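Structural overview for review
Here is how the chains run, residue by residue.
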Amino acid sequence: MRNSRRNFLQQLAVSAAAMPFLTFEQQALALVPQNRQDRVLRVALMGLGGYATRVAEAMQSCKRAKITGLISGTPAKIKEWRAKYRIPEKNCYNYETFDQVKDNPDIDAVYVITPNGLHHDQVIRVARAGKHVICEKPMAINAREGQEMVDACRDAGVKLLVGYRMHFEPNTLEVIRMRNAGEFGKIMFFQGLSGFKIGDPTQWRLDKTLAGGGAMMDIGIYSINGSRYMVGEDPIWVTAQETKTDEVKFKAGVDETIQFQLGFPGGAVASCLSTYNMNYLDRFFMTGEKGFVEMQPSTGYGPIKGRTHQGVLAQPHVMHQTLQMDGMAGIILDGSQPVVPVDGLEGLKDLKIIDAIYAACATGQRQELSL
Ligand code: NAD
């Protein structure tokens, strides 16, 4: 017993005497036994499309996460990706067979990177196969689905994380540190502008069944989630107004442009824009009683740029998905806590707000939120 305790203490990365000289992040890492810090999260990627391509490239720079499996409906893609990332054939599946990851000891987690409308069923199947799940945003297409996913992962005893890469981005974390330190004073107002002009009218992002909606599901969610991590509270009400200039491209249930407003318990208000019909919209602004921050780009792939009343935000740029996947490995393997949550409940909160925004557009009425 005494020996095992001594071994445990020897495995800690640093001695207690050194702790006061370490940054917060180093302290958190130091508290994890070293042999556990060396463990690597072995991830199967599901859906080998545009975003998975970016994730896979960024994961080549990860220290604690690596690709060990592939799930795709296209054999030619599996062949190409297997060669590129040296994945054994026995770790490759299609959408009919991926429940078999249950019996694969080389896979700890599956990262679901498919169209939004498929996330619900796929995440639940992965959970039932006993593997941790990382799911792209939006986690699902409504809060009911999101709740079922949270419940399924809890029942299966696996973790559910959502691909909120901004929660690991250094300039964003610096703004959150400043806010927590009171450097902006009492937060009064947040503005989030999220949008781009979407092309090809036949893509899944403009199909209600696969996308779950329109710009709000895809890009507006950055202003929703951003308002929460910037203000540091969950909103208690929402109002929203929808406008549509093209009824052919943006069919019923596929939103083109929505403006929405949020109210927060501390008195702050937010004013946001979500659109598929305007470019150059990737901007956050927030003001408090003692200072302000503006970020543009604020949620794109970076480098994230911005300034506060104290000067330029100058944290180094690292590929977001590299930081995200190393961070998620720590959460899954070591039980470490991120500064801003990335779990299923965090994803569910955004879905509840999206449901309320659509209800506010349909009724013209302010919606109360209970997150
Ligand atoms: P994409 O169209 O490039 O890729 C989607 C993949 O899913 C393709 O490989 C496609 O073959 C596969 N797929 C499986 N079943 C399908 C079906 N029935 N219909 C259509 N495709 C099917 O899309 P993407 O841009 O990679 O987006 C995938 C997910 O990632 C979405 O949920 C999106 O919101 C999310 N995403 C997140 C970020 C981010 O920064 N976090 C960025 C882009 C996309």
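Cut-offs and rules
- Residues numbered from 1 in each chain as written.
- Predicted model: local features only at pLDDT ≥ 70, side-chain atom pairs only at ≥ 80, totals over all residues.
- Heavy atoms only, no water.
- Axes fitted to C-alpha atoms, helices over the stretch in contact; angles between N-to-C directions.
- Helix = DSSP H or I, 4+ residues; strand = E, 2+ residues; numbered from the N terminus.
- Parallel < 35°, antiparallel > 145°, perpendicular 65-115°, else oblique.
- Left-handed = near helix turned anticlockwise from the far one by under 90°.
- Contact = heavy atoms within 4.5 Å.
- Nonpolar A, V, L, I, M, F, W, Y, C, P; charged D, E, K, R; others polar.
- Core = buried A, V, L, I, M, F, W, Y, C linked by side-chain atoms within 4.5 Å.
- Buried < 20%, exposed > 50% of the residue type's maximum accessible area, 1.4 Å probe, protein only.
- Domains from an automatic or database assignment.
- Arc of directions from axis to C-beta.
- Polar contact = N/O pair within 3.5 Å; in protein donor to acceptor, adjacent residues only side chain to side chain.
- Buried area = accessible area lost by both parts, 1.4 Å probe.
- Salt bridge = Lys/Arg side-chain N within 4 Å of Asp/Glu carboxyl O.

**Let's talk about the packing of helix H4 (residues 50–59) against helix H5 (residues 75–85)**
Between H4 and H5, the least distance of the axes is 12 Å, while the angle of their chain directions is 15°. Comparing their axes, H5 and H4 come out roughly parallel. Handedness of the H4/H5 crossing: right-handed. Across the interface between the two elements, Ala-52, Thr-53, Ala-56 and Glu-57 of H4 pack against Trp-81, Lys-84 and Tyr-85 of H5. Grouping the constituent residues of the contact of H4 with H5 by class yields four nonpolar, one polar and two charged.

**Focus: the nonpolar core**
Leu-45, Phe-260 and Ile-357 are the most contacted members of the largest nonpolar core, which has 106 residues in total. The biggest single contributor to this core is helix H10 (residues 215–231), with 10 residues. Taken domain by domain, the makeup of this core includes at least three residues from each of domain 1 (22–165) and domain 2 (166–315 + 344–368). Not counting the four nearest positions on each side in its chain, Leu-45 is found in contact with Ala-52, Val-55, Ala-56, Met-59, Ile-67, Gly-69, Leu-70, Ile-71, Trp-81, Tyr-111 and Ile-113.

**Remarks on H5**
Since one α-helical turn is 3.6 residues long, residues separated by three or four positions face the same way. Every buried residue of H5 is listed here: Ile-78, Trp-81 and Tyr-85. The arc that holds the buried residues of H5, viewed along the axis, is 75°, so those residues lie on one side. Facing away from the buried surface of H5 by more than 90 degrees, the exposed residues are Pro-75, Ala-76, Lys-79, Glu-80 and Ala-83. Against strand S1 (41–46), H4, strand S2 (65–71) and strand S3 (92–93) lie the buried residues of H5.

**As for the side chain of Asp-108**
Within the fold, Asp-108 resides in the loop between S3 and strand S4 (109–112). With relative accessibility at 17%, the residue Asp-108 sits in the buried group. A distance of 2.7 Å separates a polar atom in the side chain of Asp-108 from a polar atom in the side chain of Arg-42. Apart from residues lying up to four places away in sequence, Asp-108 is in contact with Val-40, Leu-41, Arg-42, Lys-131 and His-132.

**Considerations on the domain arrangement of the chain**
Parsing the chain into structural domains produces domain 1 (22–165) and domain 2 (166–315 + 344–368). For domain 1 versus domain 2, the distance between C-alpha centres works out to 26 Å. In this assembly, 20 residues from domain 1 lie in contact with 26 residues from domain 2. Between domain 1 and domain 2 the total buried area reaches about 2000 Å² when both faces are included, carbon and sulfur atoms providing 61% of it. Area buried by domain 1 at its contact with domain 2 is led by Lys-137, Tyr-164 and Arg-165, which between them contribute 40% of it. There are one salt bridge connecting domain 1 and domain 2. Ionic pairing is found between Asp-218 and Lys-137, a salt bridge with its closest N-O pair at 3.5 Å. Across the contact surface, domain 1 and domain 2 share 14 residue pairs in polar contact (both at pLDDT 80 or more). At the level of secondary structure, the elements contributing two or more residues to the side of domain 1 that touches domain 2 comprise H4, helix H6 (116–128), helix H7 (143–156) and strand S6 (160–162).

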